[in-house]
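# Observations on the model geometry
Next come the chains, spelled out residue by residue.
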Amino acid sequence: MKILIIGGDGYLGWPQAMYLSKKGHTILILDSLMRREFDLKNNFNSLVSIENVKERTRVWKEKTGLEIHYIIGDTRDYPLLSKTIKGFQPEAIVHFGEQRTAPYSMIDREHAVFTMDNNVIGTMNVLYAIKDFCQDCHLVKLGTMGEYGTPNIDIEEGYIEIEHKGRKDKLPYPKQPSSFYHLSKVHDSHNIMFACKIWNIKATDLNQGVVYGHETEETEIDPRLATRFDYDQIYGTVLNRFCVQAAIGYPLTVYGKGGQTRSYINIQDTMRCIELAIENPPHKAEFRVFNQFTEIFSINQLSEIVSHCSQELNLKVEIRHLDNPRVESEKHYYNAVNTNLINLGLKPHYLRNTVLTSLMKEALRNKSRINNKLIDPSVNWRKIKNILPQ
Ligand code: NAD
Ligand code: USQ
């Protein structure tokens, strides 16, 4: 298939591009490079060093004989986006290309507005380009489990059957996100659902949990094919952060009471889930939602797992409870359904194994690259203006 990967230079997009290229698909990446620009501007870094997109694609060709083409461009640039989609005629578009962190979106007004503009307008443009130039294309859009928040009932896959005053309906599941970033994903979901209905577009919204890990079969081919591994307070996701903290003896940064419970997925399972979505497209006009995660943990459970694994490596690890910089429940009910992808054939990797065999090892190997000034959270949800340490 011809597949356009928007955001194909990012943490997930780059390994996904290689994964699908190796399966024989023709891959074109579109990426604005906003993620790399953030690091350059703020002196942040990935734990493992990563090559630029030109070098990555060159090494990929050298090692596998396969080509991955790329265009540097922004989804908000409609002439460029529509020309790309019209010219390439993708059968599927995998859309990773958004500002993807909650703390970034809560820094101040500018960052919140950028997040809305970049994500919501960018996705609107993708929808219009599909409608105008590529109606049969399947949009595979990365959403997030955080769209649902933490309701006191089970979280279903996108829709819920409701009985109200004696009448029944199947409605979009209620959304209670906890950052402007997560809200941008909710707005995207509504826009995509509406576009499917009025223009007969087909789309899969993948409500993905927190991703951990950095190794895939393809990144292991050569160190120059590595994907980024973020551990800082803005882009680092919680398990990746805890493993880096443990490697340098930095007390683990549990926010608040640590009862926050979330769904998690290994990066290798992300690759497979996207492939499953592409291989099994929805019908025309269908807006399909999959909950893309494999396991559920509280932050306290994660810190205990990392602490336990660290002891096996003779590392001494302390757990520290910080005042929570976010506004979120710290003790709540959480149970989410994830049967759609499992029914399509997903065979999960498990978190405990990845901590010891991959994450801790990588963190120890790259200890000298860790900047501990980037670890503690300085972005607070309640403050009007936050400052990033350099
Ligand atoms: P990332 O920031 O590493 O990658 C996103 C890429 O998209 C970057 O290379 C960035 O430059 C590019 N991009 C951003 N805005 C763009 C635009 N307007 N036009 C073109 N390119 C643009 O993020 P990631 O971790 O790879 O996440 C990919 C997607 O998956 C995001 O949509 C994110 O919300 C979603 N997701 C991520 C996680 C996670 O834990 N990493 C979990 C759930 C969902
Ligand atoms: N947390 C800590 N300590 C830390 C970092 C985080 O206790 O050092 C807590 C947070 O308070 C939160 C939980 O861990 O309760 C998850 O935080 P996170 O930063 O790992 O993940 P989150 O902000 O939810 O965002 C990440 C990705 C985002 C994706 C989302 C999936 O950055 O792109 O959408 O995971 S989900 O959580 O399902 O919404």
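Residues numbered from 1 in each chain as written. Chains lettered and ligands numbered in written order. Predicted model: local features only at pLDDT ≥ 70, side-chain atom pairs only at ≥ 80, totals over all residues. Heavy atoms only, no water.

## Here we look at the overall build of the chain
Assigned secondary structure in the chain consists of 12 helices and 14 strands. Whereas a compact globule of 390 residues would reach a radius of gyration of roughly 21 Å, the chain reaches 20 Å, a difference of no more than 12%. Its C-alpha atoms give the chain principal-axis dimensions of about 65 × 55 × 40 Å. Per-residue burial for the chain yields a buried fraction of 57% across its 390 residues. For the chain, long-range pairs separated by at least 24 residues make up 82% of all intrachain contacts whose partners lie at least 6 apart in sequence. (Helix = DSSP H or I, 4+ residues; strand = E, 2+ residues; numbered from the N terminus. Rg over C-alpha atoms; globule rule 2.2 N^0.38 Å. Buried < 20%, exposed > 50% of the residue type's maximum accessible area, 1.4 Å probe, protein only. Contact = heavy atoms within 4.5 Å.)

## Things to note about the site of ligand 1
Asp 31, Arg 100, Asn 118, Tyr 181 and Lys 185 are the nearest of the 28 residues found near ligand 1. Separating a nitrogen atom of ligand 1 from a side-chain N or O atom of Asp 74 is a distance of 3.0 Å. In this structure, Gly 97 approaches ligand 1 through a main-chain N or O atom, which is 3.3 Å from a nitrogen atom. Protein contacts shield 98% of the accessible area of ligand 1, which totals 830 Å² for the unbound molecule. Mapped by element, the contributors of at least two residues to the shell around ligand 1 are helix H2 (34–42), strand S5 (138–144), helix H7 (180–199) and strand S9 (210–212). (Near = heavy atom within 4 Å. Polar contact = N/O pair within 3.5 Å; in protein donor to acceptor, adjacent residues only side chain to side chain. Areas by Shrake-Rupley, 256 points an atom, 1.4 Å probe, with all protein chains shown as cover.)

## Regarding the site of ligand 2
Around ligand 2, a shell composed of 22 residues is seen, among which Arg 100, Thr 144, Tyr 181, Thr 253 and Glu 328 lie nearest. Take Gly 146: an N or O atom from its main chain is 2.8 Å from an oxygen atom of ligand 2. One of the side-chain N or O atoms of Arg 326 is found 2.8 Å from an oxygen atom in ligand 2. Summarising the interface, the protein chains cover 95% of the accessible area of ligand 2, which totals 720 Å² for the free molecule. Elements represented by at least two residues in the shell around ligand 2 include exactly H7, helix H8 (238–247) and strand S10 (252–255). Sorting elements by how many residues they give to the shell around ligand 2 places S10 first, with three residues. When its residues are assigned to classes, the shell around ligand 2 shows eight nonpolar, nine polar and five charged. (Nonpolar A, V, L, I, M, F, W, Y, C, P; charged D, E, K, R; others polar.)

## A short note on helix H12 (residues 351–365)
The end-to-end C-alpha separation of H12 is 20 Å, in line with the 21 Å expected for 15 residues at 1.5 Å each. At Leu 359, H12 shows its strongest bend, of approximately 30°. Those residues of H12 that sit buried are Leu 351, Thr 354, Val 355, Ser 358, Leu 359, Met 360, Glu 362 and Ala 363. Turning to H12, the residues buried within the fold contact S9, H8, strand S11 (261–266), strand S13 (295–298) and helix H10 (299–312). (Expected span 1.5 Å × (residues − 1). Bend = angle between axes of the 7 residues up to and from the residue.)

## Topic: the environment of Pro 103
The topology assignment puts Pro 103 in helix H5 (residues 102–105). Considered as a pair, Pro 103 and Gly 143 are 40 residues apart in the sequence and their alpha carbons are 17 Å apart. Apart from the residues within four sequence positions on either side, Pro 103 is in contact with Gln 233, Ile 234, Arg 326, Val 379 and Trp 381.

## A few points about the pairing of strand S12 (residues 287–292)
Across the six residues of S12, six count as buried, placing the element largely inside the fold. Burial along S12 is two-sided: Phe 287, Val 289 and Asn 291 and Arg 288, Phe 290 and Gln 292, pointing in opposite directions, are all buried. With six bridges connecting them, strand S8 (residues 202–208) and S12 associate as parallel partners. Considered in S12, the bridge of Gln 208 is made with Gln 292. (Pairing = 2+ DSSP bridges.)

## Description of the packing of helix H4 (residues 78–88) against helix H6 (residues 109–133)
Closest axis-to-axis distance for the H4/H6 pair is 9 Å, and the angle between their directions is 45°. By the criterion of interaxial angle, the relationship of H4 to H6 is oblique. For the pair H4 and H6, the sense of crossing is right-handed. Across from Tyr 78, Leu 81, Ser 82, Ile 85 and Lys 86 in H4, the residues of H6 making contact are Asn 125, Val 126, Tyr 128, Ala 129, Asp 132 and Phe 133. Considered class by class, the residues forming the contact of H4 with H6 number seven nonpolar, two polar and two charged. (Axes fitted to C-alpha atoms, helices over the stretch in contact; angles between N-to-C directions. Parallel < 35°, antiparallel > 145°, perpendicular 65-115°, else oblique. Left-handed = near helix turned anticlockwise from the far one by under 90°.)

## Section: the packing of helix H1 (residues 13–22) against helix H9 (residues 267–279)
The N-to-C vectors of H1 and H9 enclose an angle of 55°; their axes lie 10 Å apart at closest approach. Classed by the angle they form, the pair H1 and H9 counts as oblique. Handedness of the H1/H9 crossing: right-handed. Residues Pro 15, Gln 16, Tyr 19 and Leu 20 of H1 lie in contact with H9, whose contacting residues are Ile 267, Thr 270, Met 271, Arg 272, Ile 274, Glu 275 and Ile 278.

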